[in-house]
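Here is how the chains run, residue by residue.
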Amino acid sequence: MTILITGGLGYIGSHISKIANEKVVIIDNQSNSQLNYKKKLPNAEVFIEDLKYKNVCKIFKNYNIDTVIHLAGLKSVNDSIISPLEYYSNNIISSVELLQAMIKFKINKLIFSSSATVYGNKNKSPLKEDFLTQSINPYGHTKIIIEDIIQNCCASYSNFSAISLRYFNPIGAHSDGSLGDRPKGRPLNLMPLIVDSVFGKKLTVFGNDYPTADGTCLRDYIHVMDLAEAHLICLKNLNNIKYDTFNVGLGMGISVLELIKTFENANKVKVNFEFGERRLGDAAISYADTSKFKNRFNWSPKYNYKSMCRDSWSQNKNN
Ligand SMILES: NC(=O)c1ccc[n+]([C@@H]2O[C@H](COP(=O)([O-])OP(=O)(O)OC[C@H]3O[C@@H](n4cnc5c(N)ncnc54)[C@H](O)[C@@H]3O)[C@@H](O)[C@H]2O)c1
């Protein structure tokens, strides 16, 4: 079996590529990756190109692709508010062009990277897959729209089947230290900011007066190795699914302060942080109900918060 991974040089895609048992072909324009893929992913066939119809068709013509794992996309909530058209254009148009190429070449299996952001900020945790989705920023809106487009394809094309995985905050890194969350430019997710703060860049914790035990927001995280494995499980099971969505998280929340403390204890370092104002649109509490994935595939994440913090640090401390 050969799989195409769009965005396969990014944080999550590189981890999937590394542990996949299948032959891997990657298309990635490196707009947010600085991975030395020749060294780090020597077995993958890599195309440094935009996710466009003609580029994908060229790959489908030359490789016997069975399934596509679609991760390519821009992922910053803040940037999507500043430049919504860039997000709608990059994320949605490339997804449509990918799907058009898949239909043309009769490649009928897709796994899509969706996000917990599709639940918006009004649903009460634990968040379940059948809750109503709500768009609260352009990034999240692109995920809702792409999920809908994929679902439409599954309804209209008899052999087409897909899974949308709704990720809850992947953190951590492969234990050999070769891969990690290495975006171009300034990182925006909490864990890379915690790591940076150890080196002196002060972290701002947004809000300490939320209705949680310590006043900081509660979120759900998953080790990127568990997340990568969840994709491989979906690959094995796509034959029995027409279309479905699954949460992938640990299924228990941890507050920002608790995560900082866990990081400090796991790595014996000091996180340099201060409190700032609440951010507009942040829900106080957001964590997944993960029972659907667990019951369907008999699988649960293996890594706990301590190991997520340990691996995030060990990957970064020498870089
Ligand atoms: N990391 C998270 O916290 C998180 C959470 C939920 C969902 N997701 C989704 O998972 C996917 C992967 O996330 P990630 O953290 O690995 O991000 P990432 O930015 O590290 O990886 C995405 C990759 O896609 C590439 N890319 C972007 N637009 C492209 C285009 N038009 N053509 C070709 N390549 C393109 C980038 O160069 C990058 O290497 C994204 O779709 C993201 O929205 C991520």
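Residues numbered from 1 in each chain as written. Predicted model: local features only at pLDDT ≥ 70, side-chain atom pairs only at ≥ 80, totals over all residues. Heavy atoms only, no water.

Draft legend 1. Focus on unusual backbone geometry. S125 connects to P126 through a cis peptide bond whose omega is 5°. Of note, P126 is situated in the loop between β5 (109-115) and α6 (138-156). Notably, K268 is not glycine yet its phi reads approximately 55°, a positive angle. The residue K268 is located in the loop between α9 (256-267) and β13 (273-276) in this model. In this structure K268 comes out as exposed when scored by relative accessible area, which is 70%. Of note in the backbone geometry, N298 takes a positive phi value of approximately 55° without being a glycine. Residue class for N298 comes out exposed when judged on its relative accessible area of 72%. (Helix = DSSP H or I, 4+ residues; strand = E, 2+ residues; numbered from the N terminus. Buried < 20%, exposed > 50% of the residue type's maximum accessible area, 1.4 Å probe, protein only.)

Draft legend 2. Region of the structure containing the pattern of salt bridges. The final tally for this structure, using the stated rule, is 14 salt bridges. For the salt bridge of K23 with E45, the shortest nitrogen-to-oxygen distance reads 3.5 Å. Residue K23 is located in strand β2 (residues 23-27), and its partner E45 is located in strand β3 (residues 45-47); the two are separated by 22 residues in the primary sequence. On the accessibility criterion, K23 (36% relative accessible area) is partly exposed. (Salt bridge = Lys/Arg side-chain N within 4 Å of Asp/Glu carboxyl O.)

Draft legend 3. The packing of helix α5 (residues 84-104) against α6, seen in detail. Running from N to C, α5 and α6 cross one another at 15°; their axes reach a closest spacing of 9 Å. Considered as vectors, α5 and α6 are oriented roughly parallel to each other. For the pair α5 and α6, the sense of crossing is right-handed. Two secondary-structure elements touch here, α5 through P84, Y87, Y88, N91, I92, S95, V96 and L99 and α6 through P138, Y139, H141, T142, I145, I146, I149, I150 and C153. Broken down by class, the residue content of the contact of α5 with α6 amounts to 13 nonpolar, four polar and no charged. (Axes fitted to C-alpha atoms, helices over the stretch in contact; angles between N-to-C directions. Parallel < 35°, antiparallel > 145°, perpendicular 65-115°, else oblique. Left-handed = near helix turned anticlockwise from the far one by under 90°. Contact = heavy atoms within 4.5 Å. Nonpolar A, V, L, I, M, F, W, Y, C, P; charged D, E, K, R; others polar.)

Draft legend 4. Layout of the nonpolar core. Ranked by size, the top nonpolar core spans 61 residues in total, and within it L165, I194, L259, F263 and F293 carry the most contacts. The element that contributes the greatest number of residues to this core is helix α8 (residues 224-237), accounting for eight residues. Among the domains, domain 1 (2-171 + 221-248) and domain 2 (190-219 + 251-313) are the pair contributing at least three residues each to this core. Those residues in contact with L165 that lie beyond four places of it in its chain are I111, F112, S113, S114, S115, H231, C234, F246, V248 and F293. (Core = buried A, V, L, I, M, F, W, Y, C linked by side-chain atoms within 4.5 Å. Domains from an automatic or database assignment.)

Draft legend 5. Focus on the layout of surface pockets. Taken as a whole, the second largest pocket holds about 360 Å³ of empty space. Within the residue set of the lining of the second largest pocket, elements represented by two or more residues are β7 (170-171), α7 (190-198) and α11 (305-316). The element that contributes the greatest number of residues to the lining of the second largest pocket is α7, accounting for four residues. For the lining of the second largest pocket, the residue count by class is ten nonpolar, eight polar and four charged. For the lining of the second largest pocket, the domains that each give at least three residues are domain 1 (2-171 + 221-248) and domain 2 (190-219 + 251-313). (1 Å grid on protein atoms, 1.4 Å probe; cavity = no way out; pocket = protein on both sides within 12 Å on 5 of 7 lines; lining within 4 Å. Points joined across faces, edges and corners; volume = space filled by probe spheres on them.)

Draft legend 6. Structural view of the domain arrangement of the protein chain. The assigned domain composition of the protein chain is domain 1 (2-171 + 221-248) and domain 2 (190-219 + 251-313). One C-alpha centre belongs to domain 1, the other to domain 2, and the line joining them spans 24 Å. If you look at the interface, domain 1 gives 28 residues, while domain 2 gives 25 residues. Overall, the association of domain 1 and domain 2 removes approximately 2500 Å² of surface from exposure, summing both partners, and the carbon and sulfur fraction of that is 63%. Among the residues domain 1 hides against domain 2, the three largest losses belong to I171, Y221 and H223. Together they make up 28% of the total. The tally of links from domain 1 across to domain 2 stands at four salt bridges. With a closest N to O distance of 2.6 Å, K292 and D244 form a salt bridge. In this structure, the connection of domain 1 to domain 2 is made through 14 residue pairs in polar contact (both at pLDDT 80 or more). Among the secondary structure elements, those contributing two or more residues to the side of domain 1 that touches domain 2 are β10 (222-223), α8 and β11 (243-248). (Buried area = accessible area lost by both parts, 1.4 Å probe. Polar contact = N/O pair within 3.5 Å; in protein donor to acceptor, adjacent residues only side chain to side chain.)

Draft legend 7. Spotlight on α9. In this model, α9 (twelve residues) spans 17 Å end to end at C-alpha, consistent with the 16 Å of a helix rising 1.5 Å per residue. The set of residues buried in α9 consists of V256, L257, L259, I260, F263, E264 and N267. Taken end-on, α9 shows its buried residues confined to a sector of 165°, consistent with a single buried face. Summarising the contacts, the buried residues of α9 are in contact with β7, α7, β8 (203-206), β12 (254-255), β13 and α11. Taken from the residues just after α9, K268 is the one with a positive phi, measuring 55°. (Expected span 1.5 Å × (residues − 1). Arc of directions from axis to C-beta.)

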